[in-house]
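Given next are the chains, with one letter for each unit.
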Amino acid sequence: VLSARGSAVEILFPNPFLRAPRILCSQQTTPCGAEGSIVGAWLEPDDTLVFADDAGNIYRGEGPYVPDVVPEGVTWTDLTGFGSVEVVAGIAAGSGILGFHDGSWTTQTVAEPVTMVAMGSASLAVAAGPAGAVYRFDGIGWTQVESGTTQDIVRVNMDSTGTIYAVTADGQAL
């Protein structure tokens, strides 16, 4: 389990008897260097840490952490990954912005703000947010998906077959 809170990222292993939890970056260890609060993190198979802050930065490496080149003016809201691939969601100028990293970042602006992302595989992802906004990534680009609701989506997930699971603010499962 990777935990990102405020200005620290730590990794918590499911079985503490096999591997001890460790802090990857914090004010007390290797500083994360984040300009804002950390909103999401992913640890790649080779132990490369990737995390985003709400000041519009995405960091990658093993410390010291240096921002990747990403669009300016974005407020990132979530980041997750699958293997060595990451996706990120954010808001820029009232629209949503979604990013995909597989060696380099590509971003796409979408009509509605998005606040969360999930991955089902290295080439399948989903993003969701307010007013029922849902977007699917197919390995090439993001396309809008009809959610059937205008309620804010507060949780989203995707399985390895690409099935999307979501929960709205009023508790409706989609």
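Residues numbered from 1 in each chain as written. Predicted model: local features only at pLDDT ≥ 70, side-chain atom pairs only at ≥ 80, totals over all residues. Heavy atoms only, no water.

A. Spatial organisation of the overall build of the chain. A count of helical and extended segments in the chain gives 0 helices and 17 strands. Counted over contacts in the chain with a minimum sequence separation of 6, partners at least 24 positions apart contribute 33%. Surface summary for the chain: the accessible area is close to 8,500 Å², and the carbon and sulfur share equals 53%. (Helix = DSSP H or I, 4+ residues; strand = E, 2+ residues; numbered from the N terminus. Contact = heavy atoms within 4.5 Å. Areas by Shrake-Rupley, 256 points an atom, 1.4 Å probe, with all protein chains shown as cover.)

B. Examining the pattern of salt bridges more closely. The final tally for this structure, using the stated rule, is 3 salt bridges. A salt bridge links Asp 68 to Arg 60; the shortest N-O distance between them is 3.2 Å. The partner of Arg 60 in a salt bridge is Glu 86, with the nearest N and O atoms 2.9 Å apart. Here Arg 60, found in strand 6 (residues 58-61), pairs with Glu 86, found in strand 9 (residues 85-92); they are 26 residues apart in sequence, far enough to count as distant. What you see here is one network of salt bridges that share partners, running through Glu 44, Arg 60, Asp 68 and Glu 86. (Salt bridge = Lys/Arg side-chain N within 4 Å of Asp/Glu carboxyl O.)

C. Molecular detail of the environment of Val 88. Secondary-structure assignment places Val 88 in strand 9. When its relative accessible area of 0% is taken as the criterion, Val 88 is described as buried. For the pair Val 88 and Ala 127, spaced 39 residues apart in sequence, the C-alpha to C-alpha distance is 8.7 Å. Once you skip the residues sitting within four places of it in the chain, Val 88 turns out to touch Ala 52, Ile 58, Trp 76, Asp 78, Leu 79, Ile 97, Leu 98, Gly 99, Trp 105 and Val 117. (Buried < 20%, exposed > 50% of the residue type's maximum accessible area, 1.4 Å probe, protein only.)

D. Representation of the layout of surface pockets. Approximately 160 Å³ is the volume attributed to the largest pocket. Taken together, Asp 78, Thr 115, Met 116, Val 117, Ala 118, Val 154, Arg 155, Val 156 and Asn 157 make up the lining of the largest pocket. Those elements giving two or more residues to the lining of the largest pocket turn out to be strand 12 (116-121) and strand 16 (153-158). Here the lining of the largest pocket gets 4 residues from one element, more than from any other, and that element is strand 16. Taken together, the residues of the lining of the largest pocket sort by class into 5 nonpolar, 2 polar and 2 charged. (1 Å grid on protein atoms, 1.4 Å probe; cavity = no way out; pocket = protein on both sides within 12 Å on 5 of 7 lines; lining within 4 Å. Points joined across faces, edges and corners; volume = space filled by probe spheres on them. Nonpolar A, V, L, I, M, F, W, Y, C, P; charged D, E, K, R; others polar.)

E. Summary view of the side chain of Thr 48. As for its placement among the helices and strands, Thr 48 is situated in the loop between strand 4 (38-43) and strand 5 (49-53). For Thr 48, the side chain forms a polar contact with the side chain of Asp 46, separated by 2.7 Å. If we skip the residues at most four places from it in the chain, Thr 48 touches Trp 42, Leu 43, Arg 60, Gly 61 and Glu 62. (Polar contact = N/O pair within 3.5 Å; in protein donor to acceptor, adjacent residues only side chain to side chain.)

F. Spatial organisation of the pairing of strand 5. A large share of strand 5 lies buried, amounting to 5 of its 5 residues. Covered by surrounding structure in strand 5 are Leu 49, Phe 51 and Asp 53 together with Val 50 and Ala 52, the residues of both alternating faces. As judged from the 5 bridges shared by strand 4 and strand 5, these two strands associate in the antiparallel manner. Counted as the bridge partner of Gly 40 is Ala 52 from strand 5. Connecting the antiparallel pair strand 4 and strand 5 is a turn made up of 5 residues, with Asp 47 showing a positive phi of about 70°. (Pairing = 2+ DSSP bridges.)

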